[in-house]
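Overview (structure and organization)
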Amino acid sequence: MQSREHYRFELVGPTRRNNLWRAKQADGFASQRAVCPAGNTSLNWLPTLSPYGKPIIKIRWSRNNCGGRKVHEHCTQSTLPQRQITVRPELQHEALHEQTADFSADYARRAGIEGTISEAVRAYAMRRTRYTGQTRTHLTHLVTAAVINVGRLLRWIAGEPKHA
């Protein structure tokens, strides 16, 4: 999100899935107040920064009005009496979960390029060269790229499936 706003370019890449238990719940928070499963409204809505310097929002409820252990399990995984969750700002949340057909097509192309670079680095030690000088190093890169392409062609002729 910051790259688009501040640097005027768009970064295309995979996002980590939000595996936190709260993200898997169907009921999210859409305003600057949150309501817990017991119907209690949050006391604090505090925009702050994470330890990594990224914007987050900490939402806190009163310790006194928990609806009991059963309701608490659907609200937060923190131990009683703590009643707090942390969420991302709305724009960042939407950007992380926006996956259009255009994004998928762009990322599929990028994933292919990254796979080729990874193969060159891991299988053919592309980051190191035996030679000094730009001309010889460039020639080494061209030969390595040709070897990768010939290997792919031979695997295609042999009918080997692509890696998933």
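Basis of the calculations
- Residues numbered from 1 in each chain as written.
- Predicted model: local features only at pLDDT ≥ 70, side-chain atom pairs only at ≥ 80, totals over all residues.
- Heavy atoms only, no water.
- Helix = DSSP H or I, 4+ residues; strand = E, 2+ residues; numbered from the N terminus.
- Buried < 20%, exposed > 50% of the residue type's maximum accessible area, 1.4 Å probe, protein only.
- Contact = heavy atoms within 4.5 Å.
- Areas by Shrake-Rupley, 256 points an atom, 1.4 Å probe, with all protein chains shown as cover.
- Pairing = 2+ DSSP bridges.
- Axes fitted to C-alpha atoms, helices over the stretch in contact; angles between N-to-C directions.
- Expected span 1.5 Å × (residues − 1).
- pLDDT = per-residue confidence, 0-100.
- Salt bridge = Lys/Arg side-chain N within 4 Å of Asp/Glu carboxyl O.

As recorded by an unreviewed UniProt entry, the protein chain carries the name Transposase and is attributed to Polaromonas hydrogenivorans.

Remarks on the overall build of the protein chain
Tallying secondary structure elements over the protein chain gives five helices and three strands in all. In sequence order, the protein chain lays out its α and β elements as α-β-β-α-β-α-α-α. Counting the 164 residues in the protein chain, one finds 16% classified as buried. Contacts in the protein chain between residues at least 24 apart in sequence constitute 47% of all its contacts with a sequence separation of at least 6. Entry remark: accessible area of the protein chain is about 13,400 Å², with carbon and sulfur atoms responsible for 54%.

Remarks on the side chain of Thr-137
With respect to the helices and strands, Thr-137 occurs in helix α5 (residues 134–157). Not counting residues within four places of it along the chain, the set of residues in contact with Thr-137 comprises Thr-129 and Tyr-131.

Here's the deal with unusual backbone geometry
A positive phi angle is found at Ala-125, which is not glycine, with a value near 50 degrees. Mapped onto the elements, Ala-125 comes out in the loop between α4 (101–124) and α5. Judged by relative accessible area, Ala-125 falls into the partly exposed class, the value being 43%.

Points about the sheet that holds strand β3 (residues 84–87)
Strands sit in the order β1-β2-β3 across an open sheet of three strands; the sheet is antiparallel. Unpaired on one side and paired on the other, β1 (44–49) and β3 mark the two borders of the sheet. Taking the axes of each pair of neighbouring strands and ignoring which way they run, one obtains an average angle of 25 degrees across the sheet. Summarising the sheet, β1 and strand β2 (residues 55–60) pair through six bridges and their orientation is antiparallel. Across the sheet, Leu-46 pairs through a bridge with Lys-58, a residue of β2.

Looking at α5
In an α-helix, one turn spans 3.6 residues; hence positions three or four apart end up facing the same way. For α5, which comprises 24 residues, the first-to-last C-alpha distance of 35 Å matches the rise-based estimate of 34 Å (1.5 Å per residue) to within 8%. Buried residues along α5 sit against α4.

Topic: the confidence of the model for the protein chain
With 69% of its residues at a pLDDT of 70 or more, the protein chain shows a mean pLDDT of 77. Per-element averaging of pLDDT across the protein chain places helix α1 (residues 2–6) at the bottom with 62 and α5 at the top with 93. Low pLDDT, under 50, characterises residues 25–30; the predicted model gives this stretch seven contacts beyond four residues in sequence or across chains.

So, the pattern of salt bridges
Across all of its chains, the model carries three salt bridges by this definition. Salt-bridge contacts for Arg-110 lead to Glu-114; the nearest nitrogen and oxygen are separated by 2.6 Å. With a gap of four residues between them, Arg-110 and Glu-114 both fall in helix α4, about one helical turn apart. Among the residues examined, Arg-110 registers a relative accessible area of 29% and is labelled partly exposed. Between Arg-152 and Glu-119 there is a salt bridge; the shortest N-O distance is 3.2 Å. Of this pair, Arg-152 sits in helix α5 while Glu-119 sits in helix α4, and the two are 33 residues apart along the sequence. Overall, Arg-152 belongs to the partly exposed group, its relative accessible area being 33%.

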